[in-house]
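# Results of the structural survey
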Amino acid sequence: MRDPYEVLGVTRSATDEEIKHAYRVLARKYHPDNFKPDDPMAELATEKMKEINEAYDAIQKMRISGTSSTSGSAGGNYAEIRRLINSARFADAELILDGIAASARGAEWHYLKAIVLMRRGWNFDAQKEFDTACSMDPSNEEYARGREMFAKRTSSYGNGYNRTGADNANLHECTCCDLCAGWMCMDCMTSLCCGCR
Amino acid sequence: MFGYVRPFTPELLVRENEFYRAVYCGLCRSMRACTGLCSTFSLNYDFVFLALIRIVQQKERCRDKMRRCIAHPTTRRPVIERCEALDYSARASALLTYAKLRDDINDSRPLRAFACRLALPFYSAARRRAGADALYKTIEGLLCELSEIENKREASVDAPSDVFGRLLGTVFAYEVRPIERDTAESIGYHLGRFIYAADAAEDYAADLKSGSYNPFVCMSDGKALTPEEKEGIRCAAMLELKYLADAVSELDFTGYATIEGIVKNILYLGLPKRIEFLGDTGKDADKPGKDT
């Protein structure tokens, strides 16, 4: 079977919401209701739909399992937790994190907890954990970059929406600002050309 | 918390604003017909948004007619005729209002609890007429779950937001066409999470003073929010809006250009306005004006 993340067109670090969204977009595209029964594309669409469903189920199993076979290392093996996070086994990672005693939770704990929360879509608590990690270890660049993850994921929000029409408004119109700017330009150019005012 | 989901009217096209008003009036009419006159007191813009999404998902045809009404007896105005989407929004509004009143009777603030007790009998009839018993049971159960989390005063904003999101997700997805169900649930879920968290952030200063439950207060150390903390909350809320926008982008707005314009205005202008105060530096801002 192809890599399930590749089938859905997402990266391993995608949040649960991004995965669900990718699944729904593909499911709408290849849904059997979109094709007439005698359409030659109908059979291809059905196969594609099967592949998409299998990929989604596989990813859900990996992420939501929560039955860690590595629970023996509850002594705070952050390397193990990071490995699980990189393999997108977030539920397992969270299980180990929650097993660490409250007194032993340092900056790295809060940072890794933030990553796991964010992947689950619990943004507000994730923000708090990033803040705690940064305040416990202000010099750590990795923790400081945590908040940038939000900006990165939100960057496509509102793309293509331009209701204020600011770009189009002055296409064929002259406003006061345009006139002033025009005069200032003329002024600069004449002083450049003539060398005097 | 109600009345949060509104467009930024200065940037609506005239035809979009007129259609929006007509849907609002149409919702009032549906409420009178489906759940009785008393239920119209809880008429608010959030359920107009629910109706708009549902019209697109259920592929309803909207017709309008010039009508007078009790609130505006002198002039006729365009009103969208009753349809499944409007009737459902009316019923959902009655169920949610009734469930919220029952929940608030146990509020610690005696005046609020008393006001709820007074209002409850008027909504009992509306709740009965609304039907949808399965939906009501789910709403009641989730509000109960929410109360438990709030009473525990857990240091988490996402725990209660998640429950409220699931509540609104259920309302949006109820009896929608199967192919649209997941999208509807996702729209309701992210909208619910955003509303709950943004409302709590807005009430932070007041709740800190009065000692009322506020998830952000539970997470903080009893001080006012610093500008960095506010920026953090704003980033998290914007990410929630991004997920909401993704879910809305799955809808097929073909033939619904006006509704698309309104929904996108709400999504990219109206809702971000609710968290604009978080971008203010200095003292906590007053509540943003609702009359945009």
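All of these numbers come straight from a predicted model, not from anything done at the bench.

## Focus on the interface of chain A and chain B
With 28 residues of chain A at the interface, the matching set in chain B holds 46 residues. Summed over both partners, the interface of chain A with chain B comes to about 3200 Å²; 59% of that surface belongs to carbon and sulfur atoms. The three residues of chain A that bury the most area against chain B are A:Arg28, A:Phe124 and A:Tyr157, which together make up 27% of that side's buried surface. For the pair chain A and chain B, the number of links is two salt bridges. A:Arg24 is the salt-bridge partner of B:Glu250, the closest N and O atoms lying 2.6 Å from each other. The interface formed by chain A and chain B includes 16 residue pairs in polar contact (both at pLDDT 80 or more). For the side of chain A that touches chain B, the secondary structure elements donating two or more residues are helix H2 (16-30), helix H7 (123-136) and helix H9 (148-154) of chain A. Broken down by element, the side of chain A that touches chain B gets its largest block of residues, seven residues, from H7(A).

## Considering the pattern of salt bridges
For the structure on display, the rule yields 34 salt bridges over all chains. The partner of A:Arg82 in a salt bridge is A:Glu108, and the shortest N-O contact between them spans 3.0 Å. Placement of A:Arg82 in helix H4 (residues 78-86) and of A:Glu108 in helix H6 (residues 107-120) is noted, with a sequence separation of 26 residues between them. The class for A:Arg82 is partly exposed, based on a relative accessible area of 24%. What makes A:Glu108 partly exposed here is its relative accessible area of 24%. Across the salt bridge formed by B:Asp252 and B:Lys59, the nearest N and O atoms sit 3.8 Å from each other. Residue B:Asp252 is found in the loop between helix H10 (227-249) and helix H11 (257-274), and its partner B:Lys59 is found in the loop between helix H2 (45-57) and strand E1 (64-67); the two are separated by 193 residues along the sequence.

Calculation criteria
Residues numbered from 1 in each chain as written. Chains lettered and ligands numbered in written order. Predicted model: local features only at pLDDT ≥ 70, side-chain atom pairs only at ≥ 80, totals over all residues. Heavy atoms only, no water. Contact = heavy atoms within 4.5 Å. Buried area = accessible area lost by both parts, 1.4 Å probe. Salt bridge = Lys/Arg side-chain N within 4 Å of Asp/Glu carboxyl O. Polar contact = N/O pair within 3.5 Å; in protein donor to acceptor, adjacent residues only side chain to side chain. Helix = DSSP H or I, 4+ residues; strand = E, 2+ residues; numbered from the N terminus. Buried < 20%, exposed > 50% of the residue type's maximum accessible area, 1.4 Å probe, protein only.

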